[in-house]
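Overview (structure and organization)
The residues making up each chain are set out below.
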Amino acid sequence: MTFDQRFQGQVAVVTGGGSGIGLGIGARLAREGASVVLADINEAALAQAGAKLGESNGSVQTARADVTDEAAVAGLFQSVLDQFGSLDVVVNCAGIVGKTAADIHDYDLTSFRQVLDVNLIGSFLITKYALQAMRPRGYGRILLLASIAGKEGNPGMAGYSVSKAGVIGLAKAIGKESAHTEITVNALAPALIATPLLLAADEEALNYMTSKIPMGRLGTVEEAAAIACWIVSREASFSTGAVFDLSGGRATY
């Protein structure tokens with residue numbers, strides 16, 4: 001099997017797949033042979049992503065899914081099993097940033113809970129039902145998108161930092177729970193990645209955040225897709241409960 005066919009015959013689900021890192025990972029999985037389901041709550045983004053990738057690959061489908069809704073998550077995976085009969089790869093990129101530059105005294109509970117619901121509860125539900133779909137075959141790869149903020153803590157971003165720290169803990173715990181199987185559960189902790197949404201941010205803020213990265217630049221979606229696709233490939237057979245950095249040298253541990 002050549003490198004370009006690593007995922008030939010495999011079925012993959014990528015949440016948050018309508019744009020950004022999720023779309024980049026989904027595109028690479030499809031390019032390497034997988035049948036890919038891009039799931040997202042943003043239907044407009046999904047339509048654009050499906051049209052773009054479907055034209056070039058013919059192996060990409062889309063599905064609207066709210067990762068905070070347990071019935072919707074269960075239904076997503078059941079529909080994949082009904083159509084394809086199996087599930088090999090799940091990458092959870094669904095997430096929101098929430099409030100920024102907000103001291104804890106200005107961070108209301110409703111906003112805090114919203115970020116945890118999407119980033120952490122969503123990761124929990126995706127992991128739970130992905131494992132349920134994978135366990136009958138005894139094989140699978142689950143990758144949860146965390147963040148350098150979950151390791152270092154970003155001031156003014158309590159909700160995001162706490163939620164991503166929770167994602168790291170979830171990957172470590174469930175990775176160990178599944179370590180006796182051929183199902184791995186890992187996390188990826190990026191620093192800033194140059195998605196269209198990020199590049200539209202305030203230039204001064206971007207320069208400040210970039211200055212914290214020793215390499216002096218943002219990561220690219222292609223770099224995120226490259227490491228993600230290795231983590232969810234058969235090659236990554238001895239890593240579970242691990243946190244992989246993608247930080248240009250910023251990671252502290």
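In this report, the structure presented in the accompanying data block is examined. Remember, it's a predicted structure, so these values are computed and weren't measured experimentally. Position labels on residues start from 1 in each chain and follow its written sequence. With pLDDT at 70 or above as the cut-off, local features in this predicted model cover only qualifying residues; side-chain atom pairs require 80 or more to be listed or tallied, and sums for whole chains, interfaces and linings still use all residues. Side-chain measures were taken over the full set of non-hydrogen atoms in the model, leaving aside hydrogen atoms and water.

Each helix and strand counted, the protein has nine helices and seven strands in total. In this setup the radius of gyration rests on C-alpha atoms only. A globule is expected at 2.2 Å times the number of residues raised to 0.38. A compact globule built from 253 residues would reach a C-alpha radius of gyration of about 18 Å, and the protein, at 17 Å, matches this within 12%. C-alpha extents for the protein along the principal axes are approximately 50 × 35 × 35 Å. Working definition: with a 1.4 Å probe on protein chains only, accessible area under 20% of the residue-type maximum means buried, over 50% means exposed, and in between means partly exposed. In the protein, which comprises 253 residues, the proportion classed as buried is 50%. In the protein, 72% of the contacts between residues at least 6 apart in sequence involve partners at least 24 apart. Here the Shrake-Rupley method, with its probe set to 1.4 Å, supplies the accessible areas, and only the displayed protein chains count as covering residues. Carbon and sulfur atoms make up 54% of the accessible area of the protein, which totals about 11,700 Å². Think of it this way: Lys and Arg go in the positive column, Asp and Glu in the negative one, and His and the chain ends go nowhere. Where a charge lies is defined by one atom per residue type: Lys uses NZ, Arg uses CZ, Asp uses CG and Glu uses CD. Averaged over its 19 positive side-chain charges, the protein has a centre that lies 6 Å from the centre of its 24 negative ones. Here a strand is any run of E in DSSP of at least two residues, a helix any run of H or I of at least four, and the numbering for each starts at the N terminus. Two residues qualify as a contact provided that any one of their heavy atoms is within 4.5 Å of a heavy atom in the partner residue.

The subject of this paragraph is the pattern of salt bridges. One side-chain nitrogen of Lys or Arg within 4 Å of one carboxyl oxygen of Asp or Glu is enough to make a salt bridge. With the rule as written, the count across this model stands at 10 salt bridges. Aspartate 245 serves as the salt-bridge partner of lysine 151, at 2.7 Å between the closest nitrogen and oxygen. Residue lysine 151 is located in helix α5 (residues 149-152), and its partner aspartate 245 is located in strand β7 (residues 243-246); the two are separated by 94 residues in the primary sequence. When salt bridges that share partners are traced, they join Arg6, Arg28, Glu32 and Glu235 into one network.

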